[in-house]
There are 2 protein chains.
Amino acid sequence: MSSHKFKTLDREPVYVKVSRAIEQEIVSGALPEGALLPTEGELCEQFGVTRSSVREGIRLLEQSGLVERGPAKRLVVRAPKISEIAATASRSLAHGGATFREVWETLALFYPQAARLAATRLAPDAIGELKDINQRLRDSENGDVTVDSAVAFFQTIAAGLDNRVMLAMLQSLNIMIGASLAHVIGETPRAKTRIVEAQQKIIAALEAGDEDKAAEWMSRHMDDLMRGYQVAKADLDARIL
Amino acid sequence: MSSHKFKTLDREPVYVKVSRAIEQEIVSGALPEGALLPTEGELCEQFGVTRSSVREGIRLLEQSGLVERGPAKRLVVRAPKISEIAATASRSLAHGGATFREVWETLALFYPQAARLAATRLAPDAIGELKDINQRLRDSENGDVTVDSAVAFFQTIAAGLDNRVMLAMLQSLNIMIGASLAHVIGETPRAKTRIVEAQQKIIAALEAGDEDKAAEWMSRHMDDLMRGYQVAKADLDARIL
DNA sequence: TTATCATGGGTTGTCCGACAATCTCAAGAT
DNA sequence: ATCTTGAGATTGTCGGACAACCCATGATAA
């Protein structure tokens, strides 16, 4: 029988420990945004490890967006941008096998609510931007421009909500829906005219501050997107690319 | 005047190029999930760089969740788990200064919709789990258990929606709201009883498949959470920790 | 025969030392 | 005062070395 239990030994590689140690200092606030980290040489001394290990640890932090190379290539603490968070999340989800159906379903559930909020919160210049986007979509001949405009419409609404958490999530959806639509919507004039019209109705509702109408038309807008996808006879359950 | 324009030279560090090269092979599908990557030595040969650079490049991939050390410590391609995606996103948002107000607002906007979907989709055993959680919340004396139960309730609903994209986003919110509430809800019996009741109403609506009631009570549930926060007289615009 | 053990080669984790490229900053030149 | 130059510091990359570790193969014991 066992008389005493030993805890499993600490077998993390050193470079992970280095990464964690620095991360700890950052998230705890001891190293605020913009603070300069010690040089690699100093980190070696302080941790008592070699530069190779320190550098590998730094790479982990670099990828997670907590530090970047600043002036004189010194390491600087920074906060990841929303767009980076969204890009990372959407890339991971895509690689994890997310399907168009999942993305669309989420979009269809969340964006009408976002539109509702936008009706009470969107700034006038954001509404102006939406009108420009709508015009560009109407003029678009090229398929890429069509998709870009459709996505930009969402993006502008999301950005105008004055909520970083919501923006990060909606932006992730925008990226995924864009990547998905780009491979599908070539020439689907019927779907396009419907999208143009839905956008105009949404813009009108936002301008009037009518929450219900904004949500209602955004919901129809989502249906139009789905229709475009179906017209192209694409597989809803295929991985987005 | 300048007679010819040169493109800016490629001054990415080698380890970044290594990382990108491997990432490209993975996202393109050439290296499917579970595939073994070449050994570090082989990568050195193929890329024509030293092990130091290869290893630093690998760290970038490691942190982004695209590879992990498999049997015999060989590198294996893998898909990041939803929980990791959510953890990364929420950590980044928290570090980026997200406030309780932002998190709650997003929660309040999205979760009623999630409940609506859950009413038509949640499996019976998930509903059973919700009942267990509600019971545990009712019995809870300890503040931590209270918070855990409240979060677990959300988590179970999110997990039952059969949609990885939605799950990732809702789970991010769960993590952030949990971290936030943990620092605030100590003993707020009034808020707790309201939360218990709201959960019960939601469970009943889900069981009956009543979308509107599920959304309605989830919405009130969100209000109760906010009330708990206000009872604790916490600053809504402070960074979540 | 089957189970256990030892051995050896291959791979990773860590260390050390070296050097070119680049950046900072301050002294010196115009 | 501004520009140039040069020393010093720091990062990026290289090369080599070795211990720890993992796996498979074969040897040994039950």
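What you see is a predicted model; the values in this text were computed from it and never measured.

## Some words on the overall build of chain A
Then step 1. Along chain A, the regular secondary structure elements total 10 helices and two strands.
Then step 2. Reading chain A from its N end, one meets helices and strands in the order α-α-α-β-β-α-α-α-α-α-α-α.
Then step 3. Seen through its principal axes, chain A has C-alpha atoms that stretch 70 × 45 × 35 Å.
Then step 4. A buried classification covers 52% of the 241 residues belonging to chain A.
Then step 5. Pairs at least 24 apart in sequence give 74% of the contacts found in chain A among residues at least 6 apart.
Then step 6. Carbon and sulfur atoms make up 50% of the accessible area of chain A, which amounts to about 11,800 Å² in all.

## Description of the nonpolar core
Then step 1. Among the nonpolar cores identified, the biggest contains 117 residues, and L170 and L206 of chain A together with L170 and L206 of chain B are the most heavily contacted of them.
Then step 2. If one sorts the elements of this core by residue count, helix α5 (residues 100–121) of chain A sits on top with 13 residues.
Then step 3. Filtering out sequence-adjacent residues up to four positions away, L206 of chain B remains in contact with A115, A118, A119, L122, I127, L130, I157 and A214 of chain B.

## Focus: unusual backbone geometry
Negative phi characterises most residues that are not glycine, and trans characterises most peptide bonds.
Residue and element names in this part refer to chain A.
Then step 1. Its identity as a non-glycine residue notwithstanding, K233 has a phi of 55°, on the positive side.
Then step 2. As for its position among the elements, K233 is in the segment after α10 (211–231).
Then step 3. Classification of K233 as exposed rests on a relative accessible area of 74%.

## Notes on the relation of the copies chain A and chain B
Here the second copy of the chain follows from the first by a rotation about an axis and a shift along it.
Then step 1. Of the transformation superimposing chain A on chain B, the axial component is 0.0 Å and the angular component is 180°, with the fit at an RMSD of 0.1 Å. Here the transformation between the copies is reduced to the relation of a two-fold axis.

## Observations regarding the interface of chain A and chain B
Then step 1. Tallying the contact residues gives 49 residues for chain A and 49 residues for chain B.
Then step 2. Taken together, both faces of the contact between chain A and chain B bury some 4,400 Å²; the carbon and sulfur share is 63%.
Then step 3. On inspection of chain A and its partner chain B, the count reaches 10 salt bridges.
Then step 4. Note that R55 of chain B and E56 of chain A form a salt bridge whose closest N and O atoms lie 2.7 Å from each other.
Then step 5. Counting across the interface, chain A meets chain B through 23 residue pairs in polar contact (both at pLDDT 80 or more).
Then step 6. Taken together, the elements giving at least two residues each to the side of chain A that touches chain B come down to α1 (14–27), α3 (51–63), α4 (82–95), α5 and α8 (164–182) of chain A.
Then step 7. Looking at which element gives the most residues to the side of chain A that touches chain B, the answer is α5 of chain A, with 10 residues.
Then step 8. Class assignment for the residues of the side of chain A that touches chain B results in 25 nonpolar, 11 polar and 13 charged.

## A word on the protein's contact with DNA strand D
Then step 1. By nearness alone, 19 residues border DNA strand D, and R51 and R55 of chain A together with V14, T50 and S53 of chain B come closest of all.
Then step 2. Taken together, the sugar and phosphate atoms account for 73% of what DNA strand D places within 4 Å of the protein.
Then step 3. A distance of 2.9 Å separates a phosphate oxygen of DNA strand D from a polar atom in the side chain of R55 of chain A.
Then step 4. A distance of 3.4 Å separates a phosphate oxygen of DNA strand D from a polar atom in the side chain of R59 of chain A.
Then step 5. For the surface near DNA strand D, the secondary-structure elements that each account for two or more residues are α3 of chain A together with α1 (14–27) and α3 (51–63) of chain B.
Then step 6. Each residue belonging to the surface near DNA strand D can be placed in one class, and the counts come to six nonpolar, four polar and nine charged.

## Points about the pattern of salt bridges
Then step 1. If you walk through the whole model with that rule in mind, you get 36 salt bridges over all chains.
Then step 2. Across the salt bridge formed by E23 of chain B and R91 of chain A, the nearest N and O atoms sit 2.8 Å from each other. Of the two residues, E23 of chain B sits in helix α1 while R91 of chain A sits in helix α4, which places them in two different chains.
Then step 3. Owing to a relative accessible area of 33%, R91 of chain A belongs among the partly exposed residues under this scheme.
Then step 4. Note that R220 of chain A and E216 of chain A form a salt bridge whose closest N and O atoms lie 3.0 Å from each other. With R220 of chain A and E216 of chain A both in helix α10 and four residues apart, the pair spans about one turn of that helix.
Then step 5. Take R220 of chain A: its relative accessible area is 40%, and that puts it in the partly exposed class.

## Regarding the protein's contact with DNA strand C
Then step 1. Surveying the vicinity of DNA strand C reveals 19 residues, the closest of which are V14, T50 and S53 of chain A together with R51 and R55 of chain B.
Then step 2. The sugar-phosphate share of atoms of DNA strand C within 4 Å of the protein amounts to 73%.
Then step 3. S53 of chain A has a polar side-chain atom sitting 2.9 Å from a phosphate oxygen of DNA strand C.
Then step 4. Backbone polar atom of E40 of chain B to a phosphate oxygen of DNA strand C: 3.1 Å apart, as the coordinates give it.
Then step 5. The residue makeup of the surface near DNA strand C, split by class, is five nonpolar, four polar and 10 charged.

## Considering the packing of helix α6 (residues 124–139) of chain A against helix α9 (residues 189–208) of chain A
All names here are of chain A.
Then step 1. In the contact formed by α6 and α9, the axes pass within 10 Å of each other and the chain directions differ by 165°. By the angle between their directions, the pair α6 and α9 is classed as roughly antiparallel. In this structure, α6 crosses over α9, and the sense of that crossing is left-handed. Every residue of α9 that contacts α6 at I127, L130, K131, N134, L137 and R138 is listed here: K192, I195, V196, Q199, Q200, I203, L206 and E207.
Then step 2. A breakdown of the residues in the contact of α6 with α9 according to their chemical character gives seven nonpolar, three polar and four charged.

Conventions and cut-offs
- Residues numbered from 1 in each chain as written.
- Chains lettered and ligands numbered in written order.
- Predicted model: local features only at pLDDT ≥ 70, side-chain atom pairs only at ≥ 80, totals over all residues.
- Heavy atoms only, no water.
- Helix = DSSP H or I, 4+ residues; strand = E, 2+ residues; numbered from the N terminus.
- Buried < 20%, exposed > 50% of the residue type's maximum accessible area, 1.4 Å probe, protein only.
- Contact = heavy atoms within 4.5 Å.
- Areas by Shrake-Rupley, 256 points an atom, 1.4 Å probe, with all protein chains shown as cover.
- Core = buried A, V, L, I, M, F, W, Y, C linked by side-chain atoms within 4.5 Å.
- Least-squares fit on C-alpha atoms with pLDDT ≥ 70 in both.
- Buried area = accessible area lost by both parts, 1.4 Å probe.
- Salt bridge = Lys/Arg side-chain N within 4 Å of Asp/Glu carboxyl O.
- Polar contact = N/O pair within 3.5 Å; in protein donor to acceptor, adjacent residues only side chain to side chain.
- Nonpolar A, V, L, I, M, F, W, Y, C, P; charged D, E, K, R; others polar.
- Near = heavy atom within 4 Å.
- Axes fitted to C-alpha atoms, helices over the stretch in contact; angles between N-to-C directions.
- Parallel < 35°, antiparallel > 145°, perpendicular 65-115°, else oblique.
- Left-handed = near helix turned anticlockwise from the far one by under 90°.

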